[in-house]
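Okay, here's what each chain looks like letter by letter:
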Amino acid sequence: MLRVGDKAACMACRNLVSTNMGVRFRVPLQKLHPLSRAIHHRYSGNSNPQRPPHRAAARYFTSMSRLPMRPPKPPPGSGGRGHQQQRNFWAIRLAARLLKLRYILLGSAVGGGYTAKKTYEEWKDMLPDFSEYNWVIPDFVRELSNQIDLDKLTKALPEIEEIVKLLPDFDKIGENFSFLKSLLSSETTGDPPLKATDSSAEAKQDANDKQYKKGLLGELILIQQQIQQHEEEVQRAAAANIACPPPPEPAPSPPPKPSPPQQKRKPSDKEKFDQLQEELLRTQLKYQRMLERLEKENKELRKVVLQKDDKGIHQRKVKKSLIDLYSEVLDILSDYDANYNTQDHLPRVVVVGDQSAGKTSVLEMIAQARIFPRGSGEMMTRSPVKVTLSEGPHHVAMFKDSGREFDLTKEDDLAALRHEIELRMRKSVKAGQTVSCETISLSVKGPGIQRMVLVDLPGVISTVTAGMAADTKDTIFSISRAYMQNPNAIILCIQDGSVDAERSIVTDLVSQMDPQGKRTIFVLTKVDLAEKNLASPNRIQQIVEGKLFPMKALGYFAVVTGKGSSSESIDSIKDYEEDFFQNSRLLKDGMLKAHQVTTKNLSLAVSDCFWKMVRESVEQQADVFKASRFNLETEWKNNYPRLRELDRNELFEKAKNEILDEVISLSQVTPQHWEAILQKKMWERVSTHVIENIYLPAAQTMDSGTFNTTVDIKLKQWTDKQLPYKALEVAWETLQEEFARFMAEYKGKDQDDIFDKLKEAVKDESIKRHKWNERAMDSLRVIQHNALEDRSITDKPQWDAAIMFMEETLHSRLKDTDSVIRDMVGPGWTQRWMNWTSRTPDQHVRNETKNELERLLKLHDEHTAYLANDEVTTVRKNLEARSVLVDPVLIKDTWHQLYRRHFLQKALSHCNLCKRGFYYYQRHFVDSELECNDVVLFWRIQRMLVITGNTLRQQLTNTEVRRLEKNVKEVLEDFGEDQEKKTHLITGRRVQLAEDLKKVREIQEKLEAFIEALHKEK
């Protein structure tokens, strides 16, 4: 192979390589451009006899083989004239190499990409599926970058330079330590006690290093303790040197006079020592303040995030929290199972304790708000209060049956909440009682509140005082036992630490309910007073270690709930509690452990215990309700196979619709029906007054003028005083009867008997509330007065109608009178003979009196309506002659009925004569002995009845029916809001079974939803 620079190489190749490429090393010939290689082999022989010459290349470039050789470079002074630039092929060669390189890179890229993709797929298949754990990350975290300005948050955080400024100068501290160490070593050389002290100090220092090796605050505290240890060692060394001076040397030489800098060294060291200690304290305080500020900003940031999530800015449906779902189940159970029977074994935290032991204060510290009413020594908790605690953006409280939110950050809302709780407690207490078992449900939300459900019970008392019911003590014990006997309830036993342990009542009660202490948490309150009053603080240690009381517990806590003032805020109580335990001997001497103090640690422990109990028992309780649901459904199918499962509220709605349909059907009554009923009832009501007080007195007159005058006067008095009232009474009674009739007719159409009691109550209450329009009476009086003043009968049909009306009235009155007379005189001879009956002595006397008076009427056919006194005496003497003793009053009563019958018979005969008297009426009875003024009177009465009926019908259809419908709706709404009323009116096993089915299904569904959410949270 020929190479550049070889002697066998031709001049062309040597020129190409050396001149144009600038190659200073030996390059193989095969790496030359093909064109150069062809030229080289065309003009030079083959030095390798084994390899044939490149003839193909030479023949391919034959046209290039005759190119002239490049002339030599002209000398420098020639000016370049006549110079021909030599050919340069380096660009072509570079391009060819690059073209080769791209194929290599492209192939490598494709292969490497395929291999990487295959490796990625294999790794991806090996990884587990994390999609099931997406619930761990809250929704607001995924959108945190969109909803929170991270730049603003970054700017709010302190700069590194600011944090560095807060740190002490460690170089300076190191110099001071090295100086102090050299000083101590020089002063303590050869002193065995001090060496032992140094070794013990080093052991303490190593222990402290291990204890505070984490965190800047721990390092600062470590440095401060080291300084204090060294200071103490210096003081002990100085005291040892003074007590035991060293022996004098045999030839003491005068000590050298210290220099001025050495004389000032001790005060300057002390100043440095004090300055260093002050700097450490200052740094510690600054660091603590910075931590508090960051914690506060973090809390505010969390609150902002919760607020945005609560307002729904993510455009998604906000789901209920886990604790809210659980609280709803407990609320339904409290309504369904008022007696708290064995079915309800769901966990809740039951707060029990002696009266004034601090139960309410502990609960307020956990809820972070003063939400309960307070009293000095007085019983304030009169009924159980269920408090559902949960985390939320705002610190608010709300009752389960009210939509009002109380802002717990405002004192006015806090006062209103306490007042509302007190009112609800007093309302729940029945007359003659002091406490109630009715539960008040309250929910409290706020940032940083632990999720749980607590029930605050009335405080246990030992003596019933004045003003309390006699059974108050037993009632409180029964309520407490009812809540604590739930095997899954967590008992939060509150004990007053400021009183003697022997006076405790609640501990014995708790030990009876939970003898093993598997679900009891003991809380010792008022520890500050206990430490101050007790002569032996070890007694507190015995209490929190469970060695003093006979009861057992899962954990023991000691808390301080303020100084006893009701005006203290939660923040001030927290500060007081923290300050007390930081300075208390109980912690310093190891009597109490750090995790056993403060209400914050207590709330964390109670919440953990509560959720642990919930997770362990909720599924078992769900199975219990599932079995109960199956039993109830089986009973319903066996007893009511063709009826829907309607609970009390649904049955009430069904009955409500039926009653409203019946009221609406009143508007479908025809006007003719209304008027006929009103006229008939109106005449039944006023007929007695018309006959007895108007017609009969007027008929006793001797001429027609006196008759008409008497009738007009009596009709005017009647219209002004009685007639309108009677008409409205008739209209109102007619409306009631028609309403009842429609309800009775509707009942026949597959009516459910379960609604009878409700419908009757609705009808009675609606009628009781309904009042007729007062203005209708005045207008009705005018209409009736005008109708009675008209005496003009226009045609013969009206005349005949009046006569018919008069005949019907007289026949009816005559029939009634005959019936009265028969009752007075007893049965006749036919009835006595047929029925084997006889007259009573009184009836015999009346019969004799009747016979005597009938003879008098036959003698005086035109006799007046009243007997004269001499006539009464004559009748009495005639009867006495027949041995019948009779009283004058009895004679007059018998005469009244006999004359009435006589008058009606004569009036009927006169009415028959007046049937042909319309012609004489038109002529005003001129030249005629016939007078039919009584017919005109009955026509006036009949016309008044027709006009009154028409007027009342219009008022009924246009006004009163609608007002009645409105009253019925109001009554139904009032009954619908009154649960006790519905329970009283809609009763029966069918209703109770449907109610139980609905409640059990609702409880089971909510429990299943809660269990599903609980599993997702895990």
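These numbers were taken from a predicted model, which means no experiment stands behind them. Sequence order as written defines the numbering, with residues in each chain counted from 1. Owing to the predicted nature of the model, reporting of local features is limited to residues with pLDDT of at least 70; listing and counting of side-chain atom pairs is limited to 80 or more, with chain, interface and lining totals taken over all residues. To obtain the side-chain values, all non-hydrogen atoms of the structure were used and water was disregarded.

Draft legend 1. Examining the overall build of the protein more closely. What the protein contains, in helices and strands, is 39 helices and nine strands. When a residue's accessible area, from a 1.4 Å probe over protein chains only, is under 20% of the maximum for its type it is buried; when over 50% it is exposed; and in between it is partly exposed. Expressed as a percentage of its 1018 residues, the buried residues of the protein come to 40%. We call two residues contacting when some pair of their heavy atoms lies within 4.5 Å. Taking the intrachain contacts of the protein between residues at least 6 apart in sequence as the baseline, contacts between residues at least 24 apart amount to 78%. For the protein, the accessible area works out to roughly 60000 Å², and carbon and sulfur atoms hold 52% of it. What counts as a helix is a DSSP run of H or I of at least four residues, what counts as a strand is a run of E of at least two, and both are numbered from the N terminus. Shrake-Rupley sampling with a 1.4 Å probe provides the accessible areas, and residues are treated as covered by the protein chains on show and by no other component.

Draft legend 2. Seen up close, the state of the cysteines. Two cysteine sulfur atoms make up a disulfide if the distance between them is within 2.5 Å. Taken as a whole and assessed by the stated rule, the structure comprises one disulfide. Each disulfide pairs two cysteine sulfurs, and for Cys914 the partner residue is Cys932, the sulfurs being separated by 2.1 Å. Between Cys914 and Cys932 the sulfur-sulfur dihedral comes to about -100°; the bridge is accordingly left-handed. In this pair, Cys914 is assigned in helix α35 (residues 888-914) and Cys932 in the loop between α36 (918-922) and α37 (933-977), connecting sequence segments 18 residues apart.

Draft legend 3. A look at the packing of helix α25 (residues 648-664) against α37. Every angle, taken between N-to-C directions, lies between 0 and 180 degrees, and every axis is a line fitted to C-alpha atoms, over only the stretch in contact when it is a helix. The contact between α25 and α37 brings their axes to 10 Å, and the two run at 170°. Between α25 and α37, the angle falls in the class roughly antiparallel. Touching Phe652, Lys656, Ile659, Leu660, Val663 and Ile664 of α25 are Val961, Glu965, Val968, Lys969, Leu972, Phe975 and Gly976, all from α37. Working rule for angles: under 35 degrees goes down as roughly parallel, over 145 as roughly antiparallel, 65 to 115 as roughly perpendicular, anything else as oblique.

Draft legend 4. Just unusual backbone geometry, in detail. Even without being glycine, Ser356 reaches a positive phi, approximately 65°. By the element assignment, Ser356 lies in the loop between β1 (349-353) and α16 (359-367). What makes Ser356 partly exposed here is its relative accessible area of 45%. A positive phi is found at Ser883, a non-glycine position, where the angle reads about 65°. With respect to the secondary-structure elements, Ser883 resides in the loop between α34 (869-881) and α35.

Draft legend 5. Layout of the sheet that holds β1. The rule for pairing is simple: two strands pair if DSSP sees at least two bridges between them. Taken together, the nine strands give an open sheet; going across it, the order is β4-β3-β5-β2-β6-β1-β7-β8-β9, and neighbouring strands pair in mixed fashion. Each edge of the open sheet is held by one strand with a lone partner, namely β4 (406-407) and β9 (555-558). Each of β1, β2 (385-391), β5 (440-446), β6 (452-456), β7 (490-496) and β8 (520-525) touches α16; the most contacted strand, β6, lies at about 160° to it. This element, helix α19 (residues 506-513), spans β1, β7 and β8 of the sheet and lies at about 160° to β7.

Draft legend 6. Representation of the environment of Asn533 in the model. By the secondary structure assignment, Asn533 is in helix α20 (residues 527-533). The class of Asn533 is exposed, set by a relative accessible area of 53%. Considering only alpha carbons, one finds Asn533 and Gly497, 36 residues apart in sequence, at a separation of 9.8 Å.

Draft legend 7. Layout of the pairing of strand β3 (residues 396-399). Bridge count for β3 against β4 is two bridges, and the pairing is antiparallel. Bridged to Val396 within β4 is Asp407. Counting the residues that bridge the hairpin from β3 to β4 gives six residues. Two elements, β3 and β5, share four bridges in a ladder whose sense is antiparallel. In the strand pairing of β5, Val396 is matched with Lys445.

Draft legend 8. Quick peek at α16. Burial runs high along α16: nine of the nine residues are buried. Buried within α16 we find Lys359, Thr360, Ser361, Val362, Leu363, Glu364, Met365, Ile366 and Ala367. Note on α16: the residue one or two positions beyond its end, Gln368, has a positive phi of about 65°.

Draft legend 9. View of the environment of Arg348. Along the chain, Arg348 turns up in the loop between α15 (322-336) and β1. On the accessibility criterion, Arg348 (5% relative accessible area) is buried. When the C-alpha atoms of Arg348 and Ile490 are compared, they prove to be 6.1 Å apart, with 142 residues separating the residues in sequence. A distance of 2.8 Å separates the side chain of Arg348 from the backbone oxygen of Leu346, its partner in a polar contact. In protein, a polar contact requires one atom able to donate a hydrogen and another able to accept it; more generally it is a pair of N or O atoms within 3.5 Å, and residues adjacent in sequence count only if both atoms are side-chain atoms.

Draft legend 10. Region of the structure containing the packing of aromatic side chains. Note on ring pairs: Phe, Tyr and Trp rings are taken, using the six-membered ring of Trp, and paired if centres are within 6.5 Å. Classes follow the plane angle, with under 30 degrees stacked, over 60 edge-to-face and the rest tilted. For the structure on display, the rule yields 16 aromatic pairs. Aromatic side chains Phe580 and Phe581 sit 5.1 Å apart centroid to centroid with 70° between the ring planes, which places their arrangement in the edge-to-face category. Here Phe580 matches Phe581 in class, with each residue buried. By way of ring pairs, the aromatic residues Trp683, Tyr695, Phe805, Phe903 and Phe938 are connected into one cluster. The criterion for a charge sitting over a ring is simple: Lys NZ or Arg CZ within 6 Å of the ring centre, and within 35 degrees of the ring normal. Above the ring of Phe399, the side-chain terminus of Arg424 is found at 4.0 Å from the ring centroid. The side chain of Lys982 reaches across the aromatic face of Phe652, ending 5.5 Å from its centre.

Draft legend 11. Spotlight on a negative patch on the surface. To count toward a patch, a residue needs a relative accessible area above 30% and no salt bridge. Like charges then connect within 9 Å, nonpolar side chains (Val, Leu, Ile, Met, Phe, Trp, Tyr) within 5 Å. When a carboxyl oxygen of Asp or Glu lies within 4 Å of a side-chain nitrogen of Lys or Arg, that pair is called a salt bridge. His is not counted here, nor are the chain ends, while Lys and Arg score as positive and Asp and Glu score as negative. By convention, the point assigned to a charge is CZ for Arg, NZ for Lys, CD for Glu and CG for Asp. On the surface, a cluster of negative charge is contributed by Glu970, Glu973, Glu977, Asp978 and Glu980. Per-element accounting of the negative patch gives the leading share, three residues, to α37. Here Glu973 shows up in helix α37. Glu973 gets classed as partly exposed once you look at its relative accessible area, which sits at 45%.

Draft legend 12. View of the packing of helix α29 (residues 756-769) against α37. In the contact formed by α29 and α37, the axes pass within 9 Å of each other and the chain directions differ by 125°. Compared by their axis directions, α29 and α37 come out oblique. The handedness of the crossing between α29 and α37 comes out as right-handed. Contact with α29, carried on its side by Leu758, Ala761, Val762, Glu765, Ser766 and Arg769, involves Leu964, Asn967, Val968, Glu970, Val971, Leu972, Asp974 and Phe975 of α37 and no other residues of that element. In this scheme the handedness of a crossing depends on how the near helix is turned from the far one: anticlockwise by less than a right angle means left-handed, clockwise means right-handed.

Draft legend 13. Examining the nonpolar core more closely. We define a nonpolar core as any set of buried Ala, Val, Leu, Ile, Met, Phe, Trp, Tyr and Cys residues linked to one another through side-chain atoms lying within 4.5 Å. Membership of the largest hydrophobic core comes to 100 residues, with the highest contact counts inside it found for Tyr695, Trp718, Trp799, Ile941 and Val968. Of the residues forming this core, the biggest block, 16 residues, is contributed by α37. Beyond its immediate sequence surroundings of up to four residues, Ile941 is in contact with Trp683, Val690, Leu715, Trp718, Leu788 and Phe805. Core analysis: the next-biggest nonpolar cluster, separate from the first, contains 59 residues, Leu322, Phe557, Cys609 and Ala622 among them.

Draft legend 14. Layout of the pattern of salt bridges. Under the definition given, this model contains 44 salt bridges. In this structure, the salt-bridge partner of Asp778 is Arg781, at a minimum N-O distance of 3.3 Å. One end of the pair is Asp778 and the other is Arg781, both in helix α30 (residues 775-789) and three residues apart, which spans about a single turn. Exposure remark for Asp778: the relative accessible area of 48% places this residue in the partly exposed category. One network of salt bridges, in which partners are shared, links Arg629, Glu633, Glu645 and Arg1001.

Draft legend 15. Seen up close, the side chain of Asn933. The residue Asn933 is located in helix α37 in this model. With a relative accessible area of 15%, Asn933 lands in the buried category.

Draft legend 16. Region of interest: the confidence of the model for the protein. The quantity called pLDDT is the predictor's confidence in a given residue, expressed from 0 to 100. Of all residues in the protein, 69% have pLDDT values of 70 or greater, and the mean over the chain is 75. The lowest-confidence element of the protein is helix α4 (residues 62-65), averaging 38 in pLDDT; the highest-confidence one is β1, averaging 92. Below a pLDDT of 50 lies the segment residues 311-318, which in the model reaches ten contacts outside its immediate sequence neighbourhood of four places, other chains included.

Draft legend 17. Layout of the side chain of Thr599. Tracing the backbone shows Thr599 in helix α24 (residues 599-639). What Thr599 contacts, discounting residues up to four positions off in sequence, is Met365, Val559 and Glu577.

Draft legend 18. Geometry of a nonpolar patch on the surface. Taken together, the side chains of Trp829, Trp833 and Met834 make up a nonpolar region of the molecular surface, amounting to roughly 480 Å² of accessible area. We classify Met834 as exposed; its relative accessible area is 52%.

Draft legend 19. Highlighting α25. Any helix carries an expected span of 1.5 Å times its number of residues minus one. With 17 residues, α25 ought to run about 24 Å at 1.5 Å a step, and its terminal C-alpha atoms sit 24 Å apart, in line with that. Within α25, burial applies to Arg648, Leu651, Phe652, Ala655, Glu658, Ile659, Leu660, Glu662 and Val663.

Draft legend 20. Expanded view of the pairing of β6. Here β6 lies mainly inside the structure; five of its five residues are buried. By the bridge criterion, three bridges tie β1 to β6 in an arrangement that is parallel. Across the sheet, the residue bridging to Val351 is Asp456, located in β6.

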